[in-house]
Amino acid sequence: WALALTGFVNSWMILGFSAFLSHLLVYDLKVDSGLVATVMSLTFLVGAAGSILGGVISDRVFKGYRYQTLMIGGILAAVGLLLLLVTRNNVLIIVFLILAYLGPNIVMGPVWACPASLVKPQIAGSVTAFANVIANIGGLIVSPILGLTIDATGSAMMALFFCVAMSILGT
């Protein structure tokens, strides 16, 4: 269940970014729309590097233990998103968004290696499948929830706070 919750939160975070980030940048933080395309591209490029980095951190630094890396990812996402609230500097916005997007992607490296270390090999496949189903539910519901939130409030700030809360829950 803990692995399934982590997967749910991680899918929420990764797919939730695309649901609110451009609105947040253009309308709430008043970032130039040309820069928004660059920021979005950079944050999504961080995905591949973050997954690899997460695997390396959990294997090399924590000697195969995964939970520390999962917690680091959650903390990075929450801190990166919260730091957006304290700056209007475009360079810092980019840095904070890369930090925020790095968090859930760091989780992607080690999270799917968890079943092998959590359960007996005979049920690792079914545990992975269960966690995947729950994770995909998080990814499926996040866009409509955050989209409705943005429409109801006229701002992406509440969507940002939902993502921070989810990240803390995952941590």
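These lines cover the structure that appears in this document, whether it is placed above or below. (Residues numbered from 1 in each chain as written. Predicted model: local features only at pLDDT ≥ 70, side-chain atom pairs only at ≥ 80, totals over all residues. Heavy atoms only, no water.)

1. Description of the environment of Thr149
At step 1: Secondary-structure assignment places Thr149 in helix 6 (residues 124–153).
At step 2: Not counting residues up to four positions away in its chain, the partners in contact with Thr149 are Ser155, Met158, Ala159 and Phe162. (Helix = DSSP H or I, 4+ residues; strand = E, 2+ residues; numbered from the N terminus. Contact = heavy atoms within 4.5 Å.)

2. Thoughts on a nonpolar patch on the surface
At step 1: There is a patch of nonpolar side chains on the surface, built from Leu82, Leu85, Val86, Val133, Ile137, Leu140, Ile141, Ile145, Met158, Phe161 and Phe162 and spanning about 920 Å² of accessible area.
At step 2: Elements represented by at least two residues in the nonpolar patch include exactly helix 6 and helix 7 (157–170).
At step 3: Considering each element in turn, the nonpolar patch owes the most residues, five residues, to helix 6.
At step 4: If you trace the backbone, Leu85 turns up in the loop between helix 3 (67–83) and helix 4 (90–111).
At step 5: In this structure Leu85 comes out as partly exposed when scored by relative accessible area, which is 30%. (Patch = residues over 30% accessible without salt bridge, like charges linked within 9 Å, V, L, I, M, F, W, Y side chains within 5 Å. Areas by Shrake-Rupley, 256 points an atom, 1.4 Å probe, with all protein chains shown as cover. Salt bridge = Lys/Arg side-chain N within 4 Å of Asp/Glu carboxyl O. Buried < 20%, exposed > 50% of the residue type's maximum accessible area, 1.4 Å probe, protein only.)

3. So, the nonpolar core
At step 1: Counting residues in hydrophobic clusters, the biggest one holds 47 residues, and the most contacted among them are Met13, Phe20, Leu24, Leu25, Leu81 and Leu84.
At step 2: If one sorts the elements of this core by residue count, helix 1 (residues 2–28) sits on top with twelve residues. (Core = buried A, V, L, I, M, F, W, Y, C linked by side-chain atoms within 4.5 Å.)

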